[in-house]
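Each chain, letter by letter, is given below.
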Amino acid sequence: MPNVASKTAITPRRDEDFPEWYQQVVRAAELAEPSEVRGCMVIRPWGYGIWENMQRHLDVMFRATGHRNAYFPLFIPLSYFAKEAEHVEGFAKECAVVTHSRLEVNAEGKMVPASPLTELLVVRPTSETIIGASYAKWVQSYRDLPILINQWANVVRWEMRPRLFLRTTEFLWQEGHTVHETEAEARAETKQMLDVYERFVRDHLAIPVYSGEKSESERFPGAVATLAIEAMAQDRKAIQAGTSHFLGQNFSRASGIQFQNREGKQEFGWTTSWGMSTRLIGAVIMAHGDDDGLILPPRIAPTQIVILPISPKEETRAKVLEACDKLARELRDKRYVDLALEIELDRRDIGGGTKNWEWIKKGVPLRVEIGPRDLETNSVAVSRRDQPVKTKESMSIQEFATRAPEILGSIQQNLYDRATKFRDENTRKIDSKDEFYDFFTPKNAAKPEIHGGFALAHWNGSRDVEEQIKRDLKVTIRVIPFGESEPGKCIFTGDPSARRVIWAKAY
């Protein structure tokens, strides 16, 4: 992080006030803004362009694993929730409920709800119950299985403490819902989709994650097992980046999803659900952003290369723009990870410095300047967003046009390597309760500094211990990592422990 004397585009800096830094990056990059409806957000074109790219890449990965898209209703009858008690209890406090169907003007001239509904409708917080009603009709025999469907949609969870992208009352996501003939197939699906998420976050968002199973207290309501991936923000807190749930037969029993098995007997289906949301945009900001704004991995950037004409004099403007147009055409014929490059030629008649800083704050991977002097030497000035903002490299126009995909690949890899180094430096094996409490306790309680990280520590499996740590430190078990099999003793009780688990403060 920069020293105190350095001037940055974003105020405050990360080390001064990370939550406020985050909000200012969102604003400066024109990603989103609060709406007039409390807790909801307007996603602006630049932010929505990032989401569209995430959606596009993920959708290809879903289709490659045999899934297809469908759409199910936004409104869910309240009675559907009542069928699965643990599920409804888990979401009850977050539900928005529709009670009336129309408005009318009363005697005081005010608009009031007029017609009470015969059955209340919940605005979907998640779709297991409404999708289960359809699946119950579609599934009759083992020959109808598996059902592999994904939905791109919005959901509503009434949020008391909203933060753009990370927690909002309404947000965008995808939710996969599948039905299988056997428990083994459903468990394999649950793990397969977590692996898809892990690969997507690693390869496209350039973010390393820990993957594993959630503890019982952190499971999705009604699930038998919840698998998750957890990323680290630069304030060393965890961000849950994706979840995949093995639902057993719980929701099948609630919704009546039954089929005739190979022996001719009736059996309930084995179901899964899995999802990722616009929270991933928040994860990208917190994993890669710096004190000058957003830094985007090239694979999800709406614009990968912006060309900035430098033409202070009117007599050179036409030639500069002609050269910029020619370069833009050449670059659009190039491909990066088998997709055409996304190029923007910024022709706006505003100051070059202002224009440059706007794109810096938006996190565009490459900025290319062409001015009259560059035309004389047939060169361009190239700036990478993963390097200090004043760093420029001069190269011939032809060399840049040839190397542009390679440079984007270098930025993508550098962001991943940098995030991995940061995460690993802030992940610690801890073997005593005192060290654990010290790790997660700020030195300045009045204005906590950035502290802690991920702690790998033994735990005896007790929910009481989990709850105590949550009360004392606001620290939770993020995942029980796959493949972790180092036996030891619980650092809180001294009881035997089969493995270390990952603890952290989280968003």
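Structural notes, computed from the coordinates. Model, not experiment: these values are computed from the prediction.

### Points about the overall build of the chain
Piece 1. Helix and strand counts for the chain come out as 14 helices and 29 strands.
Piece 2. Scaling as 2.2 N^0.38, a compact globule of 507 residues should have a C-alpha radius of gyration of about 23 Å, and the chain matches this with 26 Å.
Piece 3. Dimensions of the chain, computed from the C-alpha atoms along their principal axes, are close to 80 × 60 × 60 Å.
Piece 4. Counting every position in the chain, which comprises 507 residues, the buried fraction comes to 53%.
Piece 5. Restricting the contact set of the chain to residue pairs at least 6 apart, pairs at least 24 apart contribute 69%.
Piece 6. For the chain, the accessible surface area stands at approximately 23400 Å², while carbon and sulfur atoms represent 49% of it.

### Describing the state of the cysteines
Piece 1. All chains considered together, the criterion is met by 0 disulfides.
Piece 2. No disulfide involves Cys95; its nearest neighbouring cysteine sulfur is the one of Cys40, lying 15 Å away.

### With respect to the packing of aromatic side chains
Each aromatic ring pair is summarised here by two numbers: the centre-to-centre distance and the angle between the ring planes.
Piece 1. Considering all chains together, one arrives at 21 aromatic pairs under this definition.
Piece 2. Ring geometry for Tyr197 versus Trp274: centroids 6.5 Å apart, planes at 65 degrees, classification edge-to-face. Separated by 77 residues along the polypeptide, Tyr197 in helix 6 (residues 183–203) and Trp274 in strand 16 (residues 270–277) bring together distant segments of the chain. Across the pair, exposure class does not vary: Tyr197 and Trp274 are buried alike.
Piece 3. Members of the aromatic cluster, joined through ring pairs, are Phe436, Tyr437, Phe439, Phe440, Trp459, Phe492 and Trp503.
Piece 4. The ring of Tyr80 has Lys83 sitting right over it, with the charged end atom 4.6 Å from the ring centre.

### Details of the environment of Thr65
Piece 1. For Thr65, the location among the structural elements is in the loop between helix 2 (45–64) and strand 3 (68–69).
Piece 2. Look at Thr65 and you get partly exposed, because its relative accessible area is 22%.
Piece 3. For the pair Thr65 and Leu31, spaced 34 residues apart in sequence, the C-alpha separation works out to 31 Å.

### A closer look at the sheet that holds strand 29 (residues 500–504)
Piece 1. In spatial order, the strands read 3-9-10-16-13-12-11-26-29-25-24; together these 11 strands make up an open sheet with mixed pairing. Two strands close off the open sheet at either side, each with one partner strand: strand 3 and strand 24 (427–429).
Piece 2. With respect to the sheet, helix 8 (residues 279–288) is in contact with strand 12 (225–232), strand 13 (238–248) and strand 16, its orientation differing from that of strand 13 by roughly 145 degrees.

### A short note on a nonpolar patch on the surface
Piece 1. The grouping of Leu78, Val97 and Leu120 at the surface amounts to a nonpolar patch, some 210 Å² of accessible area in total.
Piece 2. Here Leu78 lies in helix 3 (residues 78–82).

### Let's talk about the packing of helix 2 against helix 6
Piece 1. At a minimum axis separation of 11 Å, helix 2 and helix 6 run at an interaxial angle of 140 degrees. The angle between the axes of helix 2 and helix 6 places the two elements in the oblique class. Here the hand of the crossing between helix 2 and helix 6 comes out right-handed. Across the interface between the two elements, Met54, His57, Leu58, Met61 and Phe62 of helix 2 pack against Met193, Val196, Tyr197, Arg199 and Phe200 of helix 6.

### Description of the packing of helix 9 (residues 314–332) against helix 12 (residues 397–425)
Piece 1. Where helix 9 meets helix 12, the closest approach of the two axes is 9 Å, and the angle between their N-to-C directions is 25 degrees. The pairing of helix 9 with helix 12 is recorded here as roughly parallel in orientation. The chirality of how helix 9 crosses helix 12 is right-handed. In contact with Leu327, Glu330 and Leu331 of helix 9, helix 12 contributes Ile397, Gln398, Phe400, Ala401 and Ala404.
Piece 2. Residues belonging to the contact of helix 9 with helix 12 are distributed by class as follows: 6 nonpolar, 1 polar and 1 charged.

### Quick look at helix 9
An α-helix turns once per 3.6 residues; consequently, residues spaced three or four apart project the same way.
Piece 1. Under the 1.5 Å per step criterion, the end-to-end length of helix 9 is 27 Å for 19 residues, consistent within 8% with the ideal 27 Å.
Piece 2. By the burial criterion, the buried members of helix 9 are Val320, Leu321, Ala323, Cys324, Leu327, Ala328 and Leu331. Mapping the buried residues of helix 9 onto a view down its axis gives an arc of 165 degrees, with all of them on the same face. Opposite the packed face of helix 9, turned more than 90 degrees from it, sit the exposed residues Glu315, Ala318, Lys319, Glu322 and Arg329.
Piece 3. Buried positions along helix 9 lie against strand 17 (305–309), strand 20 (343–345), strand 21 (366–370), helix 11 (372–377), strand 22 (379–384) and helix 12.

Cut-offs and rules
Residues numbered from 1 in each chain as written. Predicted model: local features only at pLDDT ≥ 70, side-chain atom pairs only at ≥ 80, totals over all residues. Heavy atoms only, no water. Helix = DSSP H or I, 4+ residues; strand = E, 2+ residues; numbered from the N terminus. Rg over C-alpha atoms; globule rule 2.2 N^0.38 Å. Buried < 20%, exposed > 50% of the residue type's maximum accessible area, 1.4 Å probe, protein only. Contact = heavy atoms within 4.5 Å. Areas by Shrake-Rupley, 256 points an atom, 1.4 Å probe, with all protein chains shown as cover. Disulfide = S-S within 2.5 Å. Phe/Tyr/Trp six-rings, centres within 6.5 Å; stacked < 30°, edge-to-face > 60°. Lys NZ or Arg CZ within 6 Å of the ring centre and 35° of its normal. Pairing = 2+ DSSP bridges. Axes fitted to C-alpha atoms, helices over the stretch in contact; angles between N-to-C directions. Patch = residues over 30% accessible without salt bridge, like charges linked within 9 Å, V, L, I, M, F, W, Y side chains within 5 Å. Salt bridge = Lys/Arg side-chain N within 4 Å of Asp/Glu carboxyl O. Parallel < 35°, antiparallel > 145°, perpendicular 65-115°, else oblique. Left-handed = near helix turned anticlockwise from the far one by under 90°. Nonpolar A, V, L, I, M, F, W, Y, C, P; charged D, E, K, R; others polar. Expected span 1.5 Å × (residues − 1). Arc of directions from axis to C-beta.

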